[in-house]
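# Descriptive structure summary
Each chain, written out:
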Amino acid sequence: MIQYGKQNINDDDKKAVIDVFNSGYLTQGPQIEIFEKKLASYCNVKYALALNSGTAALHLAYLAANIGEGDEVIVPPNTFVATTNMLLACGAKLVFCDIDINTHNIDESKIESLITSKTKAIVAVDFSGRPCEYEEILNIAKKHNLLLIDDAAHSLGADYKNSKVGGIADMTTLSFHPVKSITTAEGGALLTNNRDFFERAKLLRSHGVTKNQEGENQMFELGYNYRISDLLAALGSSQLDRLDEFITKRREVVTWYEASFGSFDKAHLPAPSNESSWHLYVIRTDNKETRKLLREHLLKADIGVNFHYPAVYKHPYYQKNGFDGVVCPNMDLYHDTAITLPCHTLLEKSDIDYICKSVKSFFNE
Ligand SMILES: *Cc1c(COP(=O)(O)O)cnc(C)c1O
């Protein structure tokens, strides 16, 4: 089976972890700050807080922003449920903004009409690694005095107008799950240029507890255990050294897709992008039935296709909890017709040729 996504762990990565085993630390050792400094430097941002998941990063970003009961937050429905689940966990009200059917990202032209006096923040998701239209979104956020949070779980290593994703929004969150740009097995990070957000998130990362001048632990806020371990931070640092190589390879895989598909027009191929980190390669069929049959055809050919993402508001939990009336026409179309083809750093050109041939044979080309 050709998997849709896969980690890339080499001997250097393994050695970095073994070295920590030999250092005497397992959890709160020096590797965490080393990893945070490297991440901040790579993303050209002042502060990085390493955490034990991308979901934890989202939760702490929302808490640091003081998002709570009564606040409305504008979000795209084309995302992993963690983006919106953590907003619900904070008591916020979700306002879904439709996507652009070509970029699969939030449609920035539809944001402004959703803003009310209760709107507190916009959460943008760089779906598939393609940065959102930040210039426009930042202008809207500034004009209406809203916070902008970037769920960059897909886009670590992506470029936006000659800078790396990470320092554009008020806060940016990353995930290091194995299928993402780099991995720490499980892990995530919060990036920001704002010292207050950073300090608050850091306090909440470890139970809201900090030491006073006498060295006693004192708890100031209701916090969590969202800490990453030294072992995994060392893996993260080693992976980060390889990130540019990973992004170059992902972009090469996409050029193979583009060359191999050629002028094929029976399915909608993703819009070209030199900026994307190409976490996912998603094509669309014309209708739901074709998508279903194409999926079966490719699975039979041992191609591990996937689906990113069902519309958040269509999940049973969301349907039962007040979102059954949501209509986003582009997202609804996307929901019925999108299919994710394999895209990761261990694929060969022959794999991509095989996948494209299988897609074309389905359409009798
Ligand atoms: C992976 C992912 C997350 C959650 O990250 P975890 O590290 O798995 O908690 C959040 N948002 C998006 C868009 C993701 O792809």
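Right, let's walk through the structure included here. (Residues numbered from 1 in each chain as written. Predicted model: local features only at pLDDT ≥ 70, side-chain atom pairs only at ≥ 80, totals over all residues. Heavy atoms only, no water.)

## Digging into the overall build of the chain
- Helix and strand counts for the chain come out as 12 helices and 13 strands.
- In summary, the chain has a C-alpha radius of gyration of 21 Å against a globular reference of 21 Å for 365 residues, a match within 12%.
- Along the three orthogonal principal directions, the C-alpha set of the chain runs to about 75 × 55 × 40 Å.
- The buried share among the 365 residues of the chain stands at 56%.
- Relative to all contacts within the chain whose residues are 6 or more apart in sequence, the contacts with residues 24 or more apart total 71%.
- Accessible surface for the chain amounts to roughly 16000 Å². Of this, 49% is attributable to carbon and sulfur atoms.
- Here the chain holds 38 positive side-chain charges and 47 negative ones, and the gap between their average locations is 2 Å. (Helix = DSSP H or I, 4+ residues; strand = E, 2+ residues; numbered from the N terminus. Rg over C-alpha atoms; globule rule 2.2 N^0.38 Å. Buried < 20%, exposed > 50% of the residue type's maximum accessible area, 1.4 Å probe, protein only. Contact = heavy atoms within 4.5 Å. Areas by Shrake-Rupley, 256 points an atom, 1.4 Å probe, with all protein chains shown as cover. Lys, Arg positive; Asp, Glu negative; His and termini not counted. Charge placed at Lys NZ, Arg CZ, Asp CG, Glu CD.)

## Quick notes on helix α2 (residues 31-43)
- In a regular helix each residue adds 1.5 Å, so 13 residues correspond to 18 Å; α2 covers 18 Å between its end C-alpha atoms and thus fits that length.
- Where α2 terminates, the next one or two residues include Asn44, which has phi positive at roughly 55°. (Expected span 1.5 Å × (residues − 1).)

## Description of empty space enclosed by the protein
- Summed over all chains, the structure comprises two cavities of 30 Å³ or more.
- If you go around the largest cavity, the residues you meet are Lys6, Gln7, Asn8, Pro178, Lys180, Ser181, Ile182, Thr183, Gln239, Phe246, Arg250 and Thr345.
- When its residues are assigned to classes, the lining of the largest cavity shows three nonpolar, six polar and three charged.
- Within this model, the second largest cavity holds a volume of roughly 30 Å³.
- Taken together, Thr103, His104, Ser128, Arg130, Pro270, Trp278, Leu280, Tyr281 and Val282 make up the lining of the second largest cavity.
- Of the residues in the lining of the second largest cavity, the class split is five nonpolar, three polar and one charged. (1 Å grid on protein atoms, 1.4 Å probe; cavity = no way out; pocket = protein on both sides within 12 Å on 5 of 7 lines; lining within 4 Å. Points joined across faces, edges and corners; volume = space filled by probe spheres on them. Nonpolar A, V, L, I, M, F, W, Y, C, P; charged D, E, K, R; others polar.)

## Let's talk about the layout of surface pockets
- The calculated volume of the largest pocket comes to roughly 350 Å³.
- Only α3 (54-64), α4 (82-89) and β8 (171-175) provide two or more residues apiece to the lining of the largest pocket.
- Tallied by class, residues from the lining of the largest pocket come to nine nonpolar, 12 polar and three charged.

## Side note on the side chain of Asn78
- Secondary-structure assignment places Asn78 in the loop between β2 (72-75) and α4.
- Classification of Asn78 by relative accessible area gives buried; the value is 1%.
- There is a polar contact of 3.3 Å between the side chain of Asn78 and the backbone nitrogen of Tyr309.
- Ignoring any residue separated from it by four or fewer positions in sequence, one finds Asn78 in contact with Ile99, His104, Phe127, His308, Tyr309, Met331 and Tyr334. (Polar contact = N/O pair within 3.5 Å; in protein donor to acceptor, adjacent residues only side chain to side chain.)

## Some details on the site of the ligand
- Around the ligand sit 15 residues in total, of which Gly54, Thr55, Asp151, Ser175 and Lys180 are the nearest.
- Measuring from an oxygen atom of the ligand, one finds a side-chain N or O atom of His154 at 2.8 Å.
- For the shell around the ligand, the element with the highest residue contribution is α3, accounting for three residues. (Near = heavy atom within 4 Å.)

## Comments concerning the pairing of β8
- Among the five residues of β8, five are classified as buried, and the element is accordingly described as predominantly covered.
- Alternating positions in β8 separate into two faces, Met171, Thr173 and Ser175 on one and Thr172 and Leu174 on the other, with burial throughout.
- For strand β5 (residues 147-151) and β8, the ladder comprises three bridges, and the chain directions are parallel. Directly across from Asp150, in β8, lies its bridge partner Thr172.
- Where β8 meets strand β9 (residues 188-192), five bridges bridge the pair, whose relative direction is antiparallel. Bridging from a neighbouring strand, Leu174 pairs with Ala189 of β9. (Pairing = 2+ DSSP bridges.)

## Description of the packing of aromatic side chains
- Under the defined criterion, the tally for this structure stands at 17 aromatic pairs.
- A centroid spacing of 5.5 Å and a plane angle of 90° characterise the contact between Tyr134 and Tyr160, whose relative ring orientation is edge-to-face. Pair noted here: Tyr134 is in helix α5 (residues 134-143) and Tyr160 is in strand β6 (residues 159-160), with a separation of 26 residues, a long-range link.
- Assessed through its relative accessible area of 9%, Tyr160 is described here as buried.
- Their ring planes at 80° and their centres at 5.7 Å tell us that Tyr317 and Tyr318 sit as a pair that is edge-to-face.
- Ring-pair connections join several aromatic residues into one group, and the members of that group are Tyr257, Phe261, Phe264, Trp278, Tyr281, Phe362 and Phe363.
- Taking the ring centre of Phe307 as reference, the NZ or CZ of Arg291 above it sits at 4.5 Å. (Phe/Tyr/Trp six-rings, centres within 6.5 Å; stacked < 30°, edge-to-face > 60°. Lys NZ or Arg CZ within 6 Å of the ring centre and 35° of its normal.)

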